[in-house]
Amino acid sequence: MSIRLVAIPEDREAVAALLTRVEAADGHQPIGEHKYLMLFQGDPERVVGVIDEEDSKLVAYVALTPNAEPGWWAMELAVDPDHRSPDTFLTLFEAGVSEVARRGGSAVRAWLFQPRLNEVALRAGFIPERELLKLERRLPAGFQSELPDARLPDGMRLAPFEPGRDESAWLEVNNAAFVDHPENGRWTKEILEHRMGQTWFRPEDLLMAWEGSTPAGFCWCKRVGGEGEIYVLAVAPSAQGSGLGRALVLQGLALMEQGGDRVAFLYVDADNQRALGLYRSLGFHTDHVDRSYVRMLK
Ligand SMILES: CC(C)(COP(=O)(O)OP(=O)(O)OC[C@H]1O[C@@H](n2cnc3c(N)ncnc32)[C@H](O)[C@@H]1OP(=O)(O)O)[C@@H](O)C(=O)NCCC(=O)NCCS
C-alpha cells in the first residue's frame, strides 16, 4: 500500500478510471457531484485528496473538500472493489484525517454507502451523524401535468426558469428552504451558474412557481440517459404546506414521462419526514442509504 497526495492534472485520468470502475460495481457514483466536477472542471488547487497505489495501479481515492462551515471537511472514498478490506478502509480514513489535520481543519465528515463500514468508521474515531436515502421509482406511471394534484395552489403559476433573470429568485427560495442544510443551503450565484453551465442543464427542466412576482418554489429536474432526477425541490417557507411541493413534484415527474424517462430518483435526508412522506406517497422506494460520520479534530 502506497499512499500519497493526489496530483492534478497528472492523476486525473487514473482517478476517473477508478471512479468508473467503482460506479460500475456499486451502481452509483462514489463521490458527490460537486467534488466530481471540481476534479474535472474546477480549479486543480481546490482538489485535495489522497490516493492509494498498489503495483503502480490506483486502487483508492479519498476526496477531501472544505465545507461551507469553517474548519469542516467532507471526505468521500472510492475504493476498487478488489481492495476493500477493513484494514484498507481504516488506513484510508486515517490518511484522510491526517491530511485535514495538516491543513488545520477542525472536523471531518465522511460519507459512506456501505453499512458494513460502520464498524471501521467507529474504529477510526468517527461517530454516526446523518443518513441520506436514494429513492427511486419506475416510469411511466401516468403522471400528467393536468392531474388535479399537479395543479398549483390558487394564484400561483408555473414557468420554466429564465437564465439571466431568475437566478436571484431561485437563490432566495433555495437558501430560505434549506436554511440549516449543510450542503443545499447557502448557495451563491457562482455555484448556481456553475451547475447551469453543465451539459445536462436545460432551463425548461427547472420549473419555477410564482405568486405574482414573488418566487414560491421550484422543482429542478436533471434528465440524463433515460433517468430523471428530482435534483433540487424547494418551497419557500411561507408557501409550505399548501400543496405546492406535491404539485411541483408531479409537474417534474410529468415532464420526465413526457421526455421518455424510464426511472425517476432523488436523494433525501432520512429525517426529512415531510419530503419522505411526499415521495413515498408517489410510489418511491429506497434504493440505498449513504451515511455520514463525523470526527472532531479540535
Ligand atoms: C419538502 C417540501 C418541498 C414540501 O413542500 P410543501 O409545499 O411544504 O408540501 P405539500 O403541502 O405539497 O405537502 C406534501 C406532502 O408532504 C407530506 N407532509 C407534509 N407535512 C408533513 C409532515 N409534517 N410530516 C410528514 N409528512 C408531511 C405529506 O405527504 C403531504 O402530502 P398530503 O398532500 O397527503 O398532505 C417543502 O416542505 C420544502 O421546501 N422543504 C425544505 C426543502 C426540502 O426539504 N426539499 C426536499 C429535499 S429532497
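Please read all numbers here as calculations on a predicted model, not as lab measurements. (Residues numbered from 1 in each chain as written. Predicted model: local features only at pLDDT ≥ 70, side-chain atom pairs only at ≥ 80, totals over all residues. Heavy atoms only, no water.)

Colleague: Which residues make up the nonpolar core, and what values do they have?
Modeller: Counting 34 residues, the largest nonpolar core has Ile230, Leu244, Leu253 and Tyr279 as the members making the most contacts within it. When contributions to this core are tallied by element, the ones reaching two or more residues are β6 (127-138), β8 (206-211), β9 (214-224), β10 (227-235), α7 (244-258), β11 (263-269) and α8 (273-281). Excluding its chain neighbours within four sequence positions, the residues that come into contact with Ile230 are Cys219, Trp220, Val249, Leu253, Met256, Phe265, Leu266 and Tyr279. (Core = buried A, V, L, I, M, F, W, Y, C linked by side-chain atoms within 4.5 Å. Buried < 20%, exposed > 50% of the residue type's maximum accessible area, 1.4 Å probe, protein only. Helix = DSSP H or I, 4+ residues; strand = E, 2+ residues; numbered from the N terminus. Contact = heavy atoms within 4.5 Å.)

Colleague: Explain the sheet that holds β8 residue by residue, including any values.
Modeller: Spatially, the 12 strands line up as an open sheet ordered β1-β2-β3-β4-β5-β12-β6-β11-β10-β9-β8-β7, and their pairing is mixed. Each edge of the sheet is formed by a strand with only one pairing partner; in this case those strands are β1 (2-5) and β7 (156-160). Within this sheet the neighbouring strands show an average axis-to-axis angle of 20°, counted without direction. Taken together, the six bridges between β8 and β9 define a ladder with antiparallel strand orientation. When the sheet's bridge partners are listed, Leu206 is paired in β9 with Trp220. Docked against the sheet, helix α1 (residues 12-26) engages β3 (57-66) and β4 (72-79), running at close to 95° with respect to β3. Strands β8, β9 and β10 of the sheet are contacted by helix α5 (residues 167-177), whose axis makes an angle of about 90° with β9. (Pairing = 2+ DSSP bridges. Axes fitted to C-alpha atoms, helices over the stretch in contact; angles between N-to-C directions.)

Colleague: So what about the site of the ligand? Which residues, and what values?
Modeller: The environment of the ligand is formed by 21 residues, the closest being Val235, Gly241, Gly243, Arg246 and Asn272. Between an oxygen atom of the ligand and a main-chain N or O atom of Val235, the distance comes to 2.8 Å. For the ligand, an oxygen atom lies 2.9 Å from a polar atom in the side chain of Arg274. In isolation the ligand exposes 950 Å². Once the protein is present, 71% of that is buried. Per-element accounting of the shell around the ligand gives the leading share, six residues, to α8. When the residues that make up the shell around the ligand are grouped by side-chain class, the tally is 11 nonpolar, eight polar and two charged. (Near = heavy atom within 4 Å. Polar contact = N/O pair within 3.5 Å; in protein donor to acceptor, adjacent residues only side chain to side chain. Areas by Shrake-Rupley, 256 points an atom, 1.4 Å probe, with all protein chains shown as cover. Nonpolar A, V, L, I, M, F, W, Y, C, P; charged D, E, K, R; others polar.)

Colleague: Report on helix α6 (residues 189-196), specifying residues and quantitative values.
Modeller: All buried positions along α6 are accounted for by Leu192, Arg195 and Met196. Down the axis of α6, the sector holding all buried residues measures 100°, keeping them to one side. Among the structural elements, α2 (33-40), α5, β9 and β10 are those in contact with the buried residues of α6. (Arc of directions from axis to C-beta.)

Colleague: Give me the environment of Met256: which residues, what numbers.
Modeller: Structurally, the position occupied by Met256 is in helix α7. On the basis of relative accessibility, which here comes to 0%, the residue Met256 falls in the buried class.

Colleague: I'd like a rundown of the domain arrangement of the chain, residues and numbers included.
Modeller: One can read the domain layout of the chain as domain 1 (2-132 + 292-296) and domain 2 (140-261). The distance between the C-alpha centroids of domain 1 and domain 2 comes to 31 Å. Both sides together, the interface formed by domain 1 and domain 2 hides about 820 Å², and carbon and sulfur atoms give 39% of it. Considering only the surface of domain 1 that becomes buried against domain 2, Glu33, Leu37 and Arg130 emerge as the three largest contributors, covering 49% of it. Between the two partners, domain 1 and domain 2, sit two salt bridges. (Domains from an automatic or database assignment. Buried area = accessible area lost by both parts, 1.4 Å probe. Salt bridge = Lys/Arg side-chain N within 4 Å of Asp/Glu carboxyl O.)

Colleague: An account of the packing of aromatic side chains is requested, with residue identities and associated values reported.
Modeller: One pass over the full model with this rule turns up 12 aromatic pairs. Seen in terms of ring centroids, Phe265 and Tyr267 are 6.3 Å apart; in terms of plane orientation they differ by 90°. Their pairing is edge-to-face. For Phe265, a relative accessible area of 11% puts it in the buried group. Note on Tyr279 and Phe284: the rings are 5.8 Å apart at their centroids and 65° apart in plane angle, and the pair reads as edge-to-face. For the pair formed by Tyr279 and Phe284, the shared burial category is buried. (Phe/Tyr/Trp six-rings, centres within 6.5 Å; stacked < 30°, edge-to-face > 60°.)

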